[in-house]
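Descriptive analysis of the structure
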Amino acid sequence: MKYYLIAGEASGDLHASRLMQSLKQRDAVAEFRFIGGDLMAAVGGTMVRHYRELAYMGFVPVLLHLPTILSNMRRCKQDIASWHPDVVILVDYPGFNLNIARYVKSHTGIPVYYYISPKIWAWKEYRIKNIKRDVDELFSILPFEVEFFEGKHGYPIHYVGNPTADEVGEYLLSRGEECGARSENTGINKCVSGHSSASLNNPPSTKKLIALLAGSRRQEIKDNLPAMIEATRELAADYRIVLAGAPSIPAGYYDRFIAGTHVEVVYNQTYPLLASATAALVTSGTATLETALFGVPQVVCYETPVPKLIAFLRRHLLKVRYISLVNLIADREVVKELVADTFSVENIRCELLRLLPGQSAREEMLRGYDEVRRRLGDEKAPDNAARIMISKLSLVQSEE
């Protein structure tokens, strides 16, 4: 069968590439055409556009690049109509992909499948009408989305498992017996990045680690990292404070924050770092779930502009109670979220101290992580999604 996939950012490239691999295992004659990235290209097929040509975020960048975005959208629609695949598979990236879904549904007879459903439960819930109209099958990687889509909106979806859980599980399995001694281990493979940075096993150290995951965008780093550094200053005598550098951020950008401090930075070692960390300070996003799956107690820190206003909006207007995936999946506060008016150096320090070895809050959080793992289940998301997709498509073809 012919599969047309669209992934608009790095995470989508990763998840789409793994889905493509699973589709190939079940469909020996699978053909792929896609908008995506290098990981998808490595699986095989024809790349129409790289996601870097689509990935503009924020009002001003989108406005400045609007002609390019519209041109790419037109090209994508024309390409789908010309190639006429058996299915169009959209991966996250709703601003672009829901527009494509509308075109495909109204101008062709091609089924539209959406892998990694748009997070409309947090923002832009009105998009449910577009999904109901334009998407034939929706695939979720977050278990609580089932109640939102099916219970609240009467739209059936497939929960297929969580790919982050798959990836962390595979990494831990590859480490074998090292996993059991995760918290005590401080020696990790040498940094493989081209950036100038520290290596976690050079120089050798007997100190345990506290990990800092300050985000992947410059604004996030600028807002959160200084407070994280200050909050860990008093712990530097007993712990190595190690920052996970984002691959897209040059070393010079971090230098302005860590120069003259106790903080080391490493690149391309987030999983090894988490596998060895005793505790972590983490911004919101997938990193919070990764940290939980590695069994690392964490404080979620996210500074916002006009914090009192944001706090008011969170209480009265936003549709979700939490910002971290850990708490959203557990449907309760497993990890402390210091956001808006609760974000401060002192609050970060106090919460971190409560999570160090020997503290009861640490053990309570680890028990909460067990609950998160149970809710995610043990399904292999790309394998499960590929199986359902091919089954649905085969059924459609047999009826034609």
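Analysis parameters
Residues numbered from 1 in each chain as written. Predicted model: local features only at pLDDT ≥ 70, side-chain atom pairs only at ≥ 80, totals over all residues. Heavy atoms only, no water. Helix = DSSP H or I, 4+ residues; strand = E, 2+ residues; numbered from the N terminus. Expected span 1.5 Å × (residues − 1). Buried < 20%, exposed > 50% of the residue type's maximum accessible area, 1.4 Å probe, protein only. Pairing = 2+ DSSP bridges. Axes fitted to C-alpha atoms, helices over the stretch in contact; angles between N-to-C directions. Parallel < 35°, antiparallel > 145°, perpendicular 65-115°, else oblique. Left-handed = near helix turned anticlockwise from the far one by under 90°. Contact = heavy atoms within 4.5 Å. Nonpolar A, V, L, I, M, F, W, Y, C, P; charged D, E, K, R; others polar. Salt bridge = Lys/Arg side-chain N within 4 Å of Asp/Glu carboxyl O. Core = buried A, V, L, I, M, F, W, Y, C linked by side-chain atoms within 4.5 Å. Bend = angle between axes of the 7 residues up to and from the residue.

Some words on helix α17 (residues 381-399)
- Compared with the 27 Å implied by 1.5 Å per residue over 19 residues, the 27 Å span of α17 between its first and last C-alpha is a close match.
- Taken as a whole, α17 has its buried residues at Ala-381, Pro-382, Asn-384, Ala-385, Ala-386, Ile-388, Met-389, Ile-390 and Leu-393.

Examining the sheet that holds strand β11 (residues 277-282)
- Strand order in this open sheet of six strands is β10-β9-β8-β11-β12-β13, and the pairing throughout is parallel. On the outer flanks of this sheet lie β10 (263-267) and β13 (336-339), each paired with one strand and no other. Pairwise comparison of adjacent strand axes, ignoring direction, gives a mean angle of 25° for this sheet.
- Where β11 meets strand β12 (residues 298-302), three bridges bridge the pair, whose relative direction is parallel. When the sheet's bridge partners are listed, Val-282 is paired in β12 with Val-300.

Some thoughts on the packing of helix α9 (residues 218-231) against helix α10 (residues 251-258)
- Running from amino to carboxyl end, α9 crosses α10 at an angle of 30°, the nearest separation of the two axes being 10 Å. Considering the angle they form, α9 stands roughly parallel to α10. Crossing of α9 over α10 shows right-handed handedness. In contact with Arg-218, Ile-221, Lys-222, Leu-225, Pro-226 and Ile-229 of α9, α10 contributes Tyr-253, Tyr-254, Phe-257 and Ile-258.
- For the contact of α9 with α10, the residue count by class is eight nonpolar, no polar and two charged.

A closer look at the pattern of salt bridges
- Overall, the coordinates contain 16 salt bridges when judged by the stated rule.
- Of the charged contacts, one joins Glu-170 and Arg-18 as a salt bridge, the two residues approaching to 3.0 Å between their closest N and O atoms. Of the two residues, Glu-170 is situated in helix α8 (residues 163-175) and Arg-18 in helix α1 (residues 10-26); the sequence distance between them amounts to 152 residues.
- Glu-170 sits in the partly exposed class, given a relative accessible area of 37%.
- Ionic pairing is found between Glu-264 and Arg-240, a salt bridge with its closest N-O pair at 2.6 Å. Pair noted here: Glu-264 is in strand β10 and Arg-240 is in strand β9 (residues 239-245), with a separation of 24 residues, a long-range link.
- The class of Arg-240 is buried, set by a relative accessible area of 5%.

Here's the deal with the side chain of Ser-22
- On the secondary structure map, Ser-22 appears in helix α1.
- In contact with Ser-22, other than residues within four places in its own chain, are Pro-382, Asp-383 and Ala-386.

Some points on unusual backbone geometry
- For Asp-92, which is not glycine, the phi torsion reads 50° and is therefore positive.
- With respect to the helices and strands, the residue Asp-92 is situated in the loop between β4 (87-91) and α5 (94-107).
- According to the relative accessible area criterion, Asp-92 is buried, its value standing at 15%.

Observations concerning the nonpolar core
- One finds Tyr-3, Leu-5, Ile-89 and Tyr-115 to be the most contacted residues of the largest nonpolar core, which totals 128 residues.
- A per-element tally of this core places α17 first, with seven residues.
- Those residues in contact with Leu-5 that lie beyond four places of it in its chain are Ala-16, Leu-19, Met-20, Phe-32, Arg-33, Phe-34, Ile-35, Met-40 and Ile-89.

A few points about the sheet that holds strand β6 (residues 137-140)
- Read from one edge of the open sheet, seven strands run β3-β2-β1-β4-β5-β6-β7, paired in parallel fashion. Unpaired on one side and paired on the other, β3 (46-50) and β7 (158-159) mark the two borders of the sheet.

Some remarks on α9
- The end-to-end C-alpha distance of α9, which contains 14 residues, comes to 20 Å, matching closely the 20 Å that a straight helix rising 1.5 Å per residue would cover.
- Along α9, the largest kink reaches about 35° and is centred on Asn-224; proline Pro-226 follows within four residues of it.
- Within α9, burial applies to Glu-220, Ile-221, Asp-223, Asn-224, Leu-225, Ala-227, Met-228, Ile-229 and Ala-231.

Things to note about the packing of α8 against helix α12 (residues 286-293)
- Direction vectors running N to C along α8 and α12 enclose 40°, while the axes themselves pass 10 Å from each other. By the angle between their axes, α8 is oblique relative to α12. You can see that α8 and α12 cross each other, and the crossing is right-handed. On α12, the residues touching Thr-164, Ala-165, Val-168 and Leu-172 of α8 are Thr-286, Leu-289, Glu-290 and Leu-293.
- Here the contact of α8 with α12 is composed, by residue class, of five nonpolar, two polar and one charged.

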